[in-house]
Amino acid sequence: MSVLSWRTNMVGEDLIVSLDPELNNYVFQQEERLFQIWYPDSFMRIIGADSIITTLGPSHKHIRNLVLRLFGPENLRRSMLQEVQKTAQASLLSWLDRPSIEVKETISSGRKNVMKMLKELLDERKRAPGHQGSSIDFIDVLMEELNEEKPTMSENAALDLVFLLLFASFETTASAITAVLTFLTHNPEEEHNYIQKRRVDPNSEVTWEEYKSMKFTSHVIYEALRLANIAPVMFRKATEDIHMKGFTIPKGSKIMICPSTVHLNPVVYTDPNIFNPWRWKDTVEPTGGASKDFMAFGGGLRLCVGADFAKLQMAIFLHCLVTKYRWKAIKGGTMVLSPGLQFPEGFHIQLFPKA
């Protein structure tokens, strides 16, 4: 293999470990043609042998389309933008008058006990099938699917899917926002204050056009995601013999892709361990959220369907934060890349209303 990929034995398996951006990108682009998703037995014991995350072919495509009905751009614009803003405002308001907030834990705590709540909500919708909300939510989508003559998933699988989506969304958002608050000394306050001053009513809700105009905030988010990737490794298996760069990857070979090493490549990212959103000013942000040099959301057919939602959450949270509040670091904030972003001592802040 090349100097950026090698064979080894890890997690109880013979693996090809790839740090090569071109090979990693090729694997994602050839998903379900030359490669397919695969997880070691040790991982499967955690996520469950029947986990929906391992679905292939038409089943995966169908489930992905279901999720996109909620997290696709149209529904984000039409209904999710307002819901995200209400949630961010309520969360920040609850932080006031507390002597210390551990940022990552507080943000990610939204998923605690979520399975019980989701089961209760599904049961409630079953008892009242005529539910008519002001906008579509994912429970509506799941109920429609479960009521099909031949549904593609069971109720447990549906709950599993929602939990996986929520886990990825909360963990990605929590890690990235913590990175922003820890390292960003010149926050995007000027951009957000400009947006607010242009409104007739400064307290009106963020519009889709305003969200799309947050250019520097987008740079901040991409930089945070570059460092705060919650999936330090991904696994695939070759379904054919692959010939690349003078090497052969035999059929059946298992590959461990390491996106975090791509994100820390000093050839692409000068001083890669430094949080520097200005590096994106002269760099084209990845089309569709992924490229061979940026894989925070994976790539190819399995590009995270919640990518746009995660970016929306972060942008709106930052808008609500910097336009109405200021914060003071209390303790912690030390970042460790091992290989995912970790805060061993947490990051504790105190929040104050702006004068």
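Residues numbered from 1 in each chain as written. Predicted model: local features only at pLDDT ≥ 70, side-chain atom pairs only at ≥ 80, totals over all residues. Heavy atoms only, no water.

K.L.:
Before we go on, may I ask you to explain the overall build of the protein chain in this structure?
P.N.:
Scanning the protein chain from N- to C-terminus turns up 13 helices and 12 strands. Burial status across the protein chain gives 47% buried among its 355 residues. The contacts of the protein chain with a sequence gap of at least 6 include a subset with a gap of at least 24, amounting to 71%. Accessible surface, the protein chain as shown: approximately 17800 Å² in total, 54% of it carbon and sulfur. (Helix = DSSP H or I, 4+ residues; strand = E, 2+ residues; numbered from the N terminus. Buried < 20%, exposed > 50% of the residue type's maximum accessible area, 1.4 Å probe, protein only. Contact = heavy atoms within 4.5 Å. Areas by Shrake-Rupley, 256 points an atom, 1.4 Å probe, with all protein chains shown as cover.)

K.L.:
I tried to follow the nonpolar core on my own but got confused; where do I start?
P.N.:
Looking at soluble globular proteins, one finds that nonpolar side chains tend to be buried together. W95 and M153 are the most contacted members of the largest nonpolar core, which totals 69 residues. Looking at this core element by element, the count peaks at 12 residues for helix α13 (residues 307–324). With residues up to four places along the chain from it excluded, the contact list for W95 reads I101, V103, T106, I107, F317, I349 and L351. If you look at the next biggest cluster of nonpolar residues, it comprises 13 residues, including F28, A238, I242 and I257. (Core = buried A, V, L, I, M, F, W, Y, C linked by side-chain atoms within 4.5 Å.)

K.L.:
Just to check I follow, could you spell out the UniProt feature "binding site: heme" (unreviewed entry) in the protein chain for this structure?
P.N.:
Here the UniProt-annotated "binding site: heme" (unreviewed entry) positions come out as C304. Tracing the sequence through the fold places C304 in the loop between α12 (259–263) and α13. Residue C304 is classed as partly exposed on the basis of its relative accessible area, which comes to 29%. (UniProt positions renumbered as here; feature names shortened; annotations may be inferred.)

K.L.:
What exactly am I supposed to notice about the pattern of salt bridges here?
P.N.:
As a working rule, side chains carrying opposite charge can pair if their charged atoms are close by. Considering all chains together, one arrives at 11 salt bridges under this definition. Among the ionic pairs, E22 bridges to K245, the shortest N-O distance being 3.7 Å. Pair noted here: E22 is in helix α1 (residues 21–29) and K245 is in the loop between β6 (242–244) and β7 (247–249), with a separation of 223 residues, a long-range link. By relative accessible area, which is 41% here, E22 ends up partly exposed. Linked by salt bridges that have partners in common, D20, E22 and K245 make up one network. (Salt bridge = Lys/Arg side-chain N within 4 Å of Asp/Glu carboxyl O.)

K.L.:
Any chance you could explain the environment of F28 here in plain terms?
P.N.:
Within the secondary structure, F28 sits in helix α1. With 208 residues separating them in the primary sequence, F28 and R236 have C-alpha atoms 8.9 Å apart. In this view, F28 contacts M234, R236, I257, M295, G298, G299, G300 and L301; residues no more than four positions away in its chain are not counted.

K.L.:
What exactly am I supposed to notice about the confidence of the model for the protein chain here?
P.N.:
Fine structural detail should not be taken from predicted coordinates in areas where pLDDT scores are low. Of all residues in the protein chain, 83% have pLDDT values of 70 or greater, and the mean over the chain is 81. Per-element mean pLDDT across the protein chain ranges from 64 in helix α6 (residues 114–127) up to 95 in helix α10 (residues 208–212). (pLDDT = per-residue confidence, 0-100.)

K.L.:
Would you explain the packing of helix α9 (residues 189–197) against α13 in this entry?
P.N.:
Working note: a packed helix pair is described by the angle between its axes plus the distance between those axes. At a minimum axis separation of 9 Å, α9 and α13 run at an interaxial angle of 85°. By the angle between their axes, α9 is roughly perpendicular relative to α13. Between α9 and α13, the residues in contact are E189, H192, N193, I195 and Q196 and A315, H319, V322 and T323, respectively. (Axes fitted to C-alpha atoms, helices over the stretch in contact; angles between N-to-C directions. Parallel < 35°, antiparallel > 145°, perpendicular 65-115°, else oblique.)

K.L.:
What exactly am I supposed to notice about the side chain of N24 here?
P.N.:
Looking at the secondary structure, you find N24 in helix α1. Looking at N24, the relative accessible area reads 0%, which means it is buried. Leave out the neighbours within four places in its chain, and N24 touches S18, L19, I257, C258, V262 and M295.

K.L.:
I tried to follow the environment of P250 on my own but got confused; where do I start?
P.N.:
Its place among the elements puts P250 in the loop between β7 and β8 (254–257). Separated by 13 residues in sequence, P250 and K237 place their C-alpha atoms 9.9 Å apart. Residues within four places of P250 in sequence aside, it is in contact with R7, A238, E240 and D241.

K.L.:
What exactly am I supposed to notice about the side chain of Q196 here?
P.N.:
By secondary structure assignment, the location of Q196 is in helix α9. Residue classification places Q196 among the buried positions, given a relative accessible area of 14%. Of note is the side chain of Q196, whose polar atom sits 3.4 Å from the backbone oxygen of P202. (Polar contact = N/O pair within 3.5 Å; in protein donor to acceptor, adjacent residues only side chain to side chain.)

K.L.:
Explanation requested: the sheet that holds strand β12 (residues 347–353) in the structure shown.
P.N.:
Paired through their backbone hydrogen bonds, the strands of a sheet run either parallel or antiparallel. Spatial ordering of the open sheet is given by β4-β12-β9, a layout of 3 strands whose pairing is antiparallel. A strand with exactly one partner marks an edge of an open sheet, and here the two such strands are β4 (101–102) and β9 (325–332). The sheet contacts of helix α4 (residues 73–95) involve β4, β9 and β12, and relative to β12 the element is tilted by about 95°. Sheet contacts for α13: β9 and β12; angle to β9, the most-contacted strand, approximately 105°. (Pairing = 2+ DSSP bridges.)

K.L.:
In this structure, what is going on with unusual backbone geometry? I would like to understand it.
P.N.:
Notably, E32 is not glycine yet its phi reads approximately 65°, a positive angle. On the secondary structure map, E32 appears in the loop between α1 and β3 (35–37). Under the relative-accessibility criterion, E32 is labelled partly exposed at 30%. Non-glycine residue K245 carries a positive phi angle of around 55°.

K.L.:
What is the right way to read the pairing of strand β5 (residues 234–238) from this model?
P.N.:
Moving residue by residue along a regular strand, the side chains alternate between the two faces of the sheet. Here β5 lies mainly inside the structure; 4 of its 5 residues are buried. Alignment of β3 against β5, held across 3 bridges, turns out to be antiparallel. When the sheet's bridge partners are listed, Q36 is paired in β5 with K237.

K.L.:
Looking at this structure, I do not really get the pairing of β8. What am I missing?
P.N.:
Both strand β2 (residues 13–18) and β8 contribute to a ladder of 3 bridges, which runs parallel. Note that in β8 the partner of V17 across the bridge is M256. Two strands pair when backbone bridges link them, and β5 and β8 are joined in this way by 4 bridges, in the antiparallel orientation. If you follow R236 over to β8, its bridge partner there is I255.

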